[in-house]
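Okay, here's what each chain looks like letter by letter:
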Amino acid sequence: MTLLATISTVAVASYALLSSVHKSAQALYALRTDASLPPYDPIDSGVLPSVDVIVPCFNEDPRTLAACLKSIAGQDYSGRLQVYVVDDGSANVGAVAPVHASYAHDPRVSVILLPSNVGKRKAQIAAIRRSFGDLVLNVDSDTEIASDVVSKLVRKMQDPAVGAAMGQLTASNRNDSWLTGLIDMEYWLACNEERAAQTRFGAVMCCCGPCAMYRRSALMLLLDQYETQFFRGKPSDFGEDRHLTILMLKAGFRTEYVPDAIAATVVPDKLLPYLRQQLRWARSTYRDTLLGLHLLPGLDRYLTLDVLGQNLGPLLLAISSIAAIAQLALTDSVPWWTGLTIVAMTMVRCSVAALRAGELRFLGFALHTPINIFLLLPMKAYALCTLSNSDWLSRKVAKSDVDESKASIEDARTGPSLNPASETPGSIRRASLSRASSQLIAPDGIAAETD
C-alpha cells in the first residue's frame, strides 16, 4: 500500500468512526427531544409579556418585505406586539416606500430609516435601544413566520432561565431549483438533528437570525459586548446570531429550539451566492467556536463531541479526499476503500433523514456530498485562512423581478395571514431616537435618523 493510500485509508476510517459516533448520539438525543416535548400549557392572556419584533432591511425586494410584514401582522398573539422595521440605508428605499406606506395606519408599526448602511447588527441595535418590550424577536426581512410563531416562542421564554429561542427554518423558495431544494433539506437537518439534540441540554449553539427571540433583560446586559465585537483588532459585523447566542450561554442563560415554530426564509438559488453565504457563515462559526471553547467543560459531554464532530470531521474528510484524489492521479490504484466508505456514510445518513422526516426526497441529499467535498471543504479552508475578512460578500440591490411563485409559509405550516391594509387601522408611529442621534421626519411620517 502506498503512502497516499495509507493516509487516505486512515483518515477516512477516522472520519467514519468519529462521524458514526457523533451522528448516532445526535440522532438519539434529537429523537429523545421529540419524544419529550411537553404539551403547551395555557397562558393567562392578562400576563402575556410584550414583544418587540425587529426587522432589519437592506436593499430588500418590495414583495419579499411585504410578505414578511404581512406574516408578522397576522400573528395570533394576544399580548402587546410592536414592530420595528429598520431600513439600513438601502439604495432602493423608493421602491420599498409603498410597503412602508401600507402600514401607515397600523399603530403597531414603526419604520426607522437610517441615512447610511451601518450593517445588520447595528441596525438591530438601533431598534433595540428604542423599543421596550419584555421580549425581542429578530426576523429577517426575507422571512415569513407562521401565525403562531410568536405565541410558541413566548411559551418557551416563560422559563426565566431561557435567554434565547429559535424556530424551525424552511426554504420558502425550495421548489425553485435543485439547489434551493437541497438547502431546504440542509436546513431541516440542521434544525431537527443538530439543534434538536443541542436543545436537550439547553445549549443551542446558534439561534439562527431569520427567527430568534431574546429576553430583553438578558439582551441589555450583553448589548455593548454584542455591538463591539472585534476579531484580531477589526470590527466584526456578520455572524450576529451565533455571536449573540454564545454571549447568552456565557452569561449563564439557556438557549432553546422550538421545532413547531416555523419560519420560511428565501435561500440562494444559484451556486455562487450560496458559496458566498457559506463562506461568511464559516468565518463566523470558526470565530465564535474559538470564543465558546471555554464553555464546553461546563456543558454536557455531548456538546464537546458535537463541536469535535462539526470541526474535526470535515478536516478528516478533506484529508482523506485529497489523499484519494492524489492517489488516483499519481498512481495506478483506485481508492476504492475511501470511495465506498464515503458513499456508505452518505447513504446511511440520507436514509435515516428520509425515515425521520417521512419524505423520500431526503435520499437526494446525497448530492450534497460531492458539493461538500469539492466546493464547501475548500471554501472552509479558505475561510480559516481569511478569518479577519469581514466582508458580507452579498450586499447588493435586490432584483425587483423576484419569482412570485415561491412557496409560502402556508405550505409549511398554516393558513393565510392577516391583510394589514384592510384589517389593522392606525398610524405609523415616530420612533423615539437615542440621545446620540438627531431626528428627521420624512414627508410620509416615517421616522428617520441622522448621526
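Further up the page is the structure itself.
Residues numbered from 1 in each chain as written. Predicted model: local features only at pLDDT ≥ 70, side-chain atom pairs only at ≥ 80, totals over all residues. Heavy atoms only, no water.

Participant: When you look at the overall build of the chain in this model, what are you seeing that I'm missing?
Facilitator: The helix and strand inventory of the chain stands at 14 helices and 12 strands. In the chain, which comprises 451 residues, the share counted as buried stands at 54%. For the chain, long-range pairs separated by at least 24 residues make up 84% of all intrachain contacts whose partners lie at least 6 apart in sequence. Total accessible area on the chain stands at roughly 19800 Å², and carbon and sulfur atoms take up 61% of it. (Helix = DSSP H or I, 4+ residues; strand = E, 2+ residues; numbered from the N terminus. Buried < 20%, exposed > 50% of the residue type's maximum accessible area, 1.4 Å probe, protein only. Contact = heavy atoms within 4.5 Å. Areas by Shrake-Rupley, 256 points an atom, 1.4 Å probe, with all protein chains shown as cover.)

Participant: For this particular structure, what's the right way to read the pattern of salt bridges?
Facilitator: Oppositely charged side chains are able to pair whenever their charged atoms sit close together. Applying the stated criterion across every chain yields a total of 17 salt bridges. A salt bridge links Arg-254 to Glu-256; its shortest N-O distance comes to 2.8 Å. A relative accessible area of 29% places Arg-254 in the partly exposed class. Between Arg-361 and Glu-359 there is a salt bridge; the shortest N-O distance is 2.5 Å. What emerges from the salt-bridge pattern is a single network uniting Arg-174, Asp-184, Glu-359 and Arg-361. (Salt bridge = Lys/Arg side-chain N within 4 Å of Asp/Glu carboxyl O.)

Participant: Help me understand a nonpolar patch on the surface, please; the structure alone is not making it clear to me.
Facilitator: Judged by side-chain polarity, Leu-3, Ile-7, Leu-308, Leu-312, Leu-315 and Ile-319 come together as a nonpolar surface patch covering roughly 520 Å² of accessible area. Where the nonpolar patch is concerned, the elements lending two or more residues are helix H1 (3–35) and helix H10 (301–330). The element that contributes the greatest number of residues to the nonpolar patch is H10, accounting for four residues. In this structure, Leu-3 sits in helix H1. Classification of Leu-3 by relative accessible area gives exposed; the value is 66%. (Patch = residues over 30% accessible without salt bridge, like charges linked within 9 Å, V, L, I, M, F, W, Y side chains within 5 Å.)

Participant: Can you help me understand the packing of aromatic side chains in this one?
Facilitator: Pairs of aromatic rings are described using the distance from one ring centre to the other and the angle between the two planes. The tally for this structure, following the rule as stated, stands at four aromatic pairs. Ring geometry for Tyr-29 against Phe-201: centres 4.9 Å apart, planes inclined by 80°, an arrangement best described as edge-to-face. Residue Tyr-29 is found in helix H1, and its partner Phe-201 is found in the loop between helix H6 (178–199) and strand E7 (211–215); the two are separated by 172 residues along the sequence. For the ring pair Tyr-29 and Tyr-302, a centre distance of 5.1 Å and an interplane angle of 65° mean the geometry is edge-to-face. Of this pair, Tyr-29 sits in helix H1 while Tyr-302 sits in helix H10, and the two are 273 residues apart along the sequence. Taken together, the aromatic side chains of Tyr-29, Phe-201 and Tyr-302 make up a single cluster linked through ring pairs. (Phe/Tyr/Trp six-rings, centres within 6.5 Å; stacked < 30°, edge-to-face > 60°.)

Participant: Looking at this model, I keep getting lost on the nonpolar core. Mind explaining?
Facilitator: Grouped burial of nonpolar side chains is what soluble globular proteins tend to show. Counting residues in hydrophobic clusters, the biggest one holds 95 residues, and the most contacted among them are Val-51, Val-53, Val-55, Ile-72, Leu-137 and Leu-153. Sorting elements by how many residues they give to this core places H6 first, with nine residues. Among the nonpolar cores identified, the runner-up in size contains 13 residues, and Tyr-29, Ile-246, Leu-303 and Val-307 belong to it. (Core = buried A, V, L, I, M, F, W, Y, C linked by side-chain atoms within 4.5 Å.)

Participant: Is there a simple way to think about the environment of Lys-156 in this case?
Facilitator: Inspection of the secondary structure puts Lys-156 in helix H5 (residues 149–156). Sequence separation of Lys-156 and Met-166 is 10 residues, and the distance between their C-alpha atoms is 9.6 Å. Ignoring any residue separated from it by four or fewer positions in sequence, one finds Lys-156 in contact with Val-162, Ala-165, Glu-256 and Val-258.

Participant: Quick question: what am I supposed to make of the environment of His-368 here?
Facilitator: Along the chain, His-368 turns up in helix H12 (residues 368–385). Owing to a relative accessible area of 11%, His-368 belongs among the buried residues under this scheme. Separated by 189 residues in the primary sequence, His-368 and Leu-179 place their C-alpha atoms 9.5 Å from one another.

Participant: Is there a simple way to think about empty space enclosed by the protein in this case?
Facilitator: The gaps of empty space that remain are located by a probe, the size of a water molecule, rolled over the atoms. For the coordinates displayed, the defined rule picks out three cavities of 30 Å³ or more. Its boundaries defined by the atoms lining it, the largest cavity holds a volume of some 70 Å³. Looking at the largest cavity, the residues that line it are Leu-69, Ile-72, Ala-73, Leu-81, Val-83, Tyr-103, Asp-106, Arg-108 and Val-109. For the lining of the largest cavity, the secondary-structure elements that each account for two or more residues are helix H2 (62–73) and strand E2 (81–88). Sorting elements by how many residues they give to the lining of the largest cavity places H2 first, with three residues. Its residues assigned to classes, the lining of the largest cavity shows seven nonpolar, no polar and two charged. Looking at the second largest cavity, its volume works out to about 40 Å³. Looking at which element gives the most residues to the lining of the second largest cavity, the answer is helix H8 (residues 240–250), with three residues. (1 Å grid on protein atoms, 1.4 Å probe; cavity = no way out; pocket = protein on both sides within 12 Å on 5 of 7 lines; lining within 4 Å. Points joined across faces, edges and corners; volume = space filled by probe spheres on them. Nonpolar A, V, L, I, M, F, W, Y, C, P; charged D, E, K, R; others polar.)

Participant: Help me out: how do you make sense of the state of the cysteines in this one?
Facilitator: By definition, a disulfide is the covalent link that joins the sulfur atoms of two cysteine residues. Applying the stated criterion to the full structure yields zero disulfides. Free cysteine Cys-57: the closest other cysteine sulfur is in Cys-68, separated by 7.0 Å. (Disulfide = S-S within 2.5 Å.)

Participant: I would appreciate a short explanation of the pairing of strand E1 (residues 51–57) in the present structure.
Facilitator: Walk down a regular strand and you will see the side chains alternate between the two sheet faces. Taking burial as the measure, the seven residues of E1 include seven buried ones, the bulk of the element. Residues of E1 alternate between two faces, with Val-51, Val-53, Val-55 and Cys-57 on one and Asp-52, Ile-54 and Pro-56 on the opposite face, all of them buried. In this sheet, E2 lies alongside E1 in parallel orientation, the contact comprising seven bridges. Within the sheet, the bridge partner assigned to Asp-52 lies in E2 and is Gln-82. (Pairing = 2+ DSSP bridges.)

Participant: Honestly, the packing of H6 against H10 in this entry has me stumped. Any pointers?
Facilitator: Any two packed helices are characterised by how steeply their axes cross, that is the angle between the axes, and by the distance between the axes. Relative to each other, H6 and H10 sit at 155°, their axes nearing to 10 Å. Judged by the angle between their axes, H6 and H10 are roughly antiparallel. Two packed elements cross with a definite hand, and for H6 against H10 that hand is left-handed. Here Glu-194, Ala-197 and Gln-198 of H6 lie close against H10, whose contacting residues are Tyr-302, Leu-303, Asp-306 and Gln-310. (Axes fitted to C-alpha atoms, helices over the stretch in contact; angles between N-to-C directions. Parallel < 35°, antiparallel > 145°, perpendicular 65-115°, else oblique. Left-handed = near helix turned anticlockwise from the far one by under 90°.)

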